[in-house]
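# A structural walkthrough
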Amino acid sequence: MANTKKLTIISVLIAQAIVLHLFESLIPIPIPIPGVKLGLANIITLLALVLFDFKTAFVIALMRTILGSLLSGTLFNISFFLSISGAIISTFIMYILLRFNQSLRVNYNFSIVGVSIAGAAAHNLGQLIMAALLIKNTGIFYYLPIMLLSSVPTGFLTGLLLKELLKYLKSSGQIDEFSF
Amino acid sequence: MTKHDKILIGIVLIFSLLGYLIFCIVNQDASSLLAEISVNGSVITKIDLNNPPSDRIINIPGPLGNSIIEVKPGAIRMKFSPCPDHHCMNTGWINRSGQVIACIPNRVIIKLLADKNPVDAISH
């Protein structure tokens, strides 16, 4: 892919991720648990992992968190550190699972929905570890069961959205090579 | 959804259930309840919820301001917090050992502990 085209696509993906990041904070969640959310911006990170490589997706995830927090006025406060650690760990885990699919030695076959659920679980875990480090108290892991539980439906939903998005992009001829 | 997806979902659910069970097992048989309030990792005060203090309101200063905690016999809650999203206030009253109210922005953690040995001293 030509360099300029790639740069343009990355810029558009970052812009879309920021919009989803901001839009998500407007959705009220009826559970009094800090950090339970849909993870819509994760769709873009996973899309970048499918279309490009780890480095590109990592940059998109980082830029999305930094710019999204800047625009919502939460830069460098608690929720910024929570979401950036979640974003880093989930990008890493989703990359590993996608590599499992391509690897010939290991016979794993995760669908995009499975990868998305793993990413959501990793995001929540990363958030909790960061929260425990920030407040220097491991009592916060009390929330681990409910957060892992919530990552299944939220990861499933975002995974389904991405699956439909990839289907559309393929049928409209905008991307040609991916295996999902 | 492939076979491996289902295994992955199963693993996440098992870990979630396992975590819940561990909390249940660790926090069984609470003969008396102790509320441990800590700010920024250091324990500020411990309150015996079986014999709560007469003034039911406790002020805990944190980085954002004062968190106001209310106690009643056997239960404790965050009455007011200066944090932006008030997750801690929405948690409501907690009354079982192992339960936690966490206010991450103001660094305040309220943890209910089972006081396994409620006797301070025995004199003969």
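Residues numbered from 1 in each chain as written. Chains lettered and ligands numbered in written order. Predicted model: local features only at pLDDT ≥ 70, side-chain atom pairs only at ≥ 80, totals over all residues.

### Comments concerning helix 3 (residues 54–72) of chain A
Residues and elements named next belong to chain A.
- Counted at 1.5 Å a residue, the expected span for helix 3 with its 19 residues is 27 Å, and the 27 Å between its end C-alpha atoms agrees.
- Restricting attention to buried positions, one finds in helix 3 the residues Ala57, Ile60, Ala61, Arg64, Thr65, Gly68 and Ser69. Angular distribution of buried residues about the axis of helix 3 spans 145 degrees; they occupy a single face of the element.
- Looking one or two residues beyond helix 3, the residue adopting positive phi is Gly73, at roughly 80 degrees. (Helix = DSSP H or I, 4+ residues; strand = E, 2+ residues; numbered from the N terminus. Expected span 1.5 Å × (residues − 1). Buried ≥ 20, exposed ≤ 12 C-beta atoms within 10 Å, placed from the backbone. Arc of directions from axis to C-beta.)

### Some remarks on the confidence of the model for chain B
- For chain B, mean pLDDT is 84; residues scoring 70 or higher make up 89% of the total.
- Here the predicted complex carries an ipTM of 0.82, next to a pTM of 0.82. (pLDDT = per-residue confidence, 0-100.)

### Concerning the packing of helix 2 (residues 42–51) of chain A against helix 3 of chain A
All names here are of chain A.
- Two numbers describe how helix 2 lies on helix 3: the axes approach to 8 Å, and their chain directions differ by 160 degrees. By the criterion of interaxial angle, the relationship of helix 2 to helix 3 is roughly antiparallel. Relative to helix 3, the crossing made by helix 2 is right-handed. Across the interface between the two elements, Ile44, Thr45, Ala48 and Leu49 of helix 2 pack against Phe54, Thr56, Ala57, Ile60, Ala61 and Arg64 of helix 3.
- Here the residues of the contact of helix 2 with helix 3 are counted per class, giving 7 nonpolar, 2 polar and 1 charged. (Axes fitted to C-alpha atoms, helices over the stretch in contact; angles between N-to-C directions. Parallel < 35°, antiparallel > 145°, perpendicular 65-115°, else oblique. Left-handed = near helix turned anticlockwise from the far one by under 90°. Contact = placed C-beta atoms within 7 Å. Nonpolar A, V, L, I, M, F, W, Y, C, P; charged D, E, K, R; others polar.)

### Some details on the environment of Leu97(A)
Residues and elements named next belong to chain A.
- Tracing the chain through its elements places Leu97 in helix 4 (residues 78–102).
- Linking Leu97 and Thr56, residues 41 residues apart in sequence, is a C-alpha distance of 17 Å.
- Ignoring anything within four residues of it in the chain, the contact list for Leu97 reads Phe110, Val115 and Ala118.

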